[in-house]
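Spelled out, the chains give:
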Amino acid sequence: MTKINLSNMPVTLDDRIEQLFTRSYQYAQRLHRSDLIGDIEKLWQALTLERADSLSSYFKNAGLRRAYLGYYMPLYAAKIALLLQRLTKEGFLPGFAEKPMRVLDLGSGPLVGISAARLAFGPLKRAIAVDREIGTMRSGYEFLKPFMNEEEAKQIFLRRANLGVLKSFDFQEPFDLIILSHVLNEFGSSSRFLPKKLEVILAAINMLADGGRMLIMEPGNRVCSRDIMSLRDALFEEPSVSILAPCTGIDQCPLLKNATDWCHGELDWKRPAICVKIDEKIGFDKSMLKYSYLLLSKKAEQPEGVKNWRIVSGNMVHEGVVRRYACTPSELLTLSQREVTYKSVLTPLVRGELIAATDFEGRVQVVNEKSF
Ligand SMILES: C[S@@+](CC[C@H](N)C(=O)[O-])C[C@H]1O[C@@H](n2cnc3c(N)ncnc32)[C@H](O)[C@@H]1O
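Residues numbered from 1 in each chain as written. Predicted model: local features only at pLDDT ≥ 70, side-chain atom pairs only at ≥ 80, totals over all residues. Heavy atoms only, no water.

## With respect to the site of the ligand
Then, in step 1: Not every one of the 19 residues close to the ligand is listed here, only the nearest: Y68, G107, D131, L163 and S181.
Then, in step 2: A distance of 2.5 Å is found between an oxygen atom of the ligand and a side-chain nitrogen or oxygen belonging to Y68.
Then, in step 3: Separating an oxygen atom of the ligand from a side-chain N or O atom of H182 is a distance of 2.9 Å.
Then, in step 4: Here the ligand loses 97% of its free accessible area of 590 Å² to cover by the protein chains.
Then, in step 5: Here the shell around the ligand is built from residues that sort into 9 nonpolar, 6 polar and 4 charged. (Near = heavy atom within 4 Å. Polar contact = N/O pair within 3.5 Å; in protein donor to acceptor, adjacent residues only side chain to side chain. Areas by Shrake-Rupley, 256 points an atom, 1.4 Å probe, with all protein chains shown as cover. Nonpolar A, V, L, I, M, F, W, Y, C, P; charged D, E, K, R; others polar.)

Pasting the structure below:
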């Protein structure tokens, strides 16, 4: 196995994230004369509050484009890398940390997925970014280039295209990792847009190498997460796809039954100093990173031996009892315990964490379905 050369990268993921954040913010500051923090705030409004009006134009505006590069690029790259790290620990990415990756970054913006893969696994063997906006990919490439040696930089390719025609592409070589992050919500919400999303995903799955993985990530809000949950139920019917995570094998997502539930996870992280400064100025709270996601592979690649219950709620404390929902291969369960007696067992679990059915045997009570 080839060992990854991390020579000019900090050793820990936390430090690599800190470095990416600091450098991308400083780089973005130099790219445009307007106030960067003001542009980050405007971009946030465009991406959330005024989404429908602003969607098509936010990357065409030079100030907002560089605000994405200076804040959202490192933020989202960090989120993806931290999730990749967690999935590696959970056993879903066997061998990924030991081999140089071939990565396809779909709807890449300023090469966010590519940066995330580098943060998580080190220099890449080959990477292709696809986006309908060439300017944003170029700005990401120009930023990233000084971090790479000449050989790696030559193996990063930018392709301007609409993802709707992905199935007609021939990239010559298959990919170890395909990332589609924060893109699907731009296709639109509701079941009307499901066929278009499925078409892109199924085309991408065909481009995976044996043992390859496709990571779809979306914001952890209710609308985006519920769209992912519906997509997941549709993918469950697809003979060419395996859903490896976060789902535990159940045929229909149990959280879809109730409109107020949504399956999302949280990542605790060491927030970079520059991120803290921006968040304090604008009033963001990024102390925990929220996300929803799907990890897919070609059919028949279910890894064995991984834990298969997943925590899908926060802590619910009522009359001295703490409860957590766990999604299992057969049903949604409620785990409960008297907090006073076993304080440390359920409460420290992070939303989205994987556990084994036997982890708390005899210590927590297990109840069928949601009981709270
Ligand atoms: C919010 S950005 C996400 C960028 C990056 N993947 C990330 O995680 O930060 C969405 C990107 O998807 C691209 N995009 C959306 N729909 C697309 C389509 N149909 N074809 C190609 N690119 C698309 C946009 O141009 C934009 O760069």
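## Quick look at the pattern of salt bridges
Then, in step 1: A full pass over the atoms with the stated rule returns 15 salt bridges.
Then, in step 2: One salt bridge connects R118 with E152, and the closest N-O pair in it is separated by 2.8 Å. One end of the pair, R118, is in helix 5 (residues 112-121); the other, E152, is in helix 7 (residues 150-154), and 34 residues separate them in sequence.
Then, in step 3: The class for E152 is buried, based on a relative accessible area of 5%. (Salt bridge = Lys/Arg side-chain N within 4 Å of Asp/Glu carboxyl O. Helix = DSSP H or I, 4+ residues; strand = E, 2+ residues; numbered from the N terminus. Buried < 20%, exposed > 50% of the residue type's maximum accessible area, 1.4 Å probe, protein only.)

## Some points on the environment of P246
Then, in step 1: For P246, the position within the fold is in the loop between strand 6 (241-245) and strand 7 (265-268).
Then, in step 2: Of the residues examined, P246 reaches a relative accessible area of 8% and is grouped as buried.
Then, in step 3: It is 9.1 Å that separates the C-alpha atoms of P246 and G265, two residues lying 19 residues apart in sequence.
Then, in step 4: With residues up to four places along the chain from it excluded, the contact list for P246 reads C263, Y293, L294 and R310. (Contact = heavy atoms within 4.5 Å.)

## With respect to the domain arrangement of the protein chain
Then, in step 1: Entries for the protein chain in the domain assignment read domain 1 (13-298) and domain 2 (309-368).
Then, in step 2: Each of domain 1 and domain 2 was reduced to a C-alpha centroid, and the two centroids are 30 Å apart.
Then, in step 3: Residue-level contacts link 17 residues of domain 1 with 14 residues of domain 2.
Then, in step 4: Summed over both partners, the interface of domain 1 with domain 2 buries about 1,200 Å², with 61% contributed by carbon and sulfur atoms.
Then, in step 5: The closest approach of N and O atoms between E90 and R310, which form a salt bridge, is 3.3 Å.
Then, in step 6: Counting every contact that joins domain 1 to domain 2 gives 7 residue pairs in polar contact (both at pLDDT 80 or more).
Then, in step 7: Elements with a contribution of two residues or more to the side of domain 1 that touches domain 2: strand 7 and strand 8 (288-298).
Then, in step 8: Tallied by class, residues from the side of domain 1 that touches domain 2 come to 10 nonpolar, 4 polar and 3 charged. (Domains from an automatic or database assignment. Buried area = accessible area lost by both parts, 1.4 Å probe.)

## With respect to the state of the cysteines
Covalent bonding between the sulfur atoms of two cysteines defines a disulfide.
Then, in step 1: Summed over all chains, the structure comprises 0 disulfides.
Then, in step 2: Unpaired in terms of disulfides, C247 finds its nearest cysteine sulfur in C263, a separation of 6.4 Å. (Disulfide = S-S within 2.5 Å.)

## Re the pairing of strand 11 (residues 321-327)
Then, in step 1: With 7 of 7 residues buried, strand 11 lies mostly within the body of the structure.
Then, in step 2: In terms of strand pairing, strand 9 (residues 309-311) meets strand 11 through 2 bridges, oriented antiparallel. Bridge pairing in strand 11 links R310 to C327.
Then, in step 3: Sheet topology note: the strand 10 (residues 316-318)/strand 11 ladder contains 3 bridges and is antiparallel. Within strand 11, the position partnered with M316 by the bridge is R323.
Then, in step 4: If you look at the hairpin formed by strand 10 and strand 11, you'll find 2 residues sitting between the two strands, and E319 has a positive phi there, around 50°.
Then, in step 5: Pairing of strand 11 with strand 12 (residues 332-338), which is carried by 7 bridges, proceeds in the antiparallel orientation. (Pairing = 2+ DSSP bridges.)

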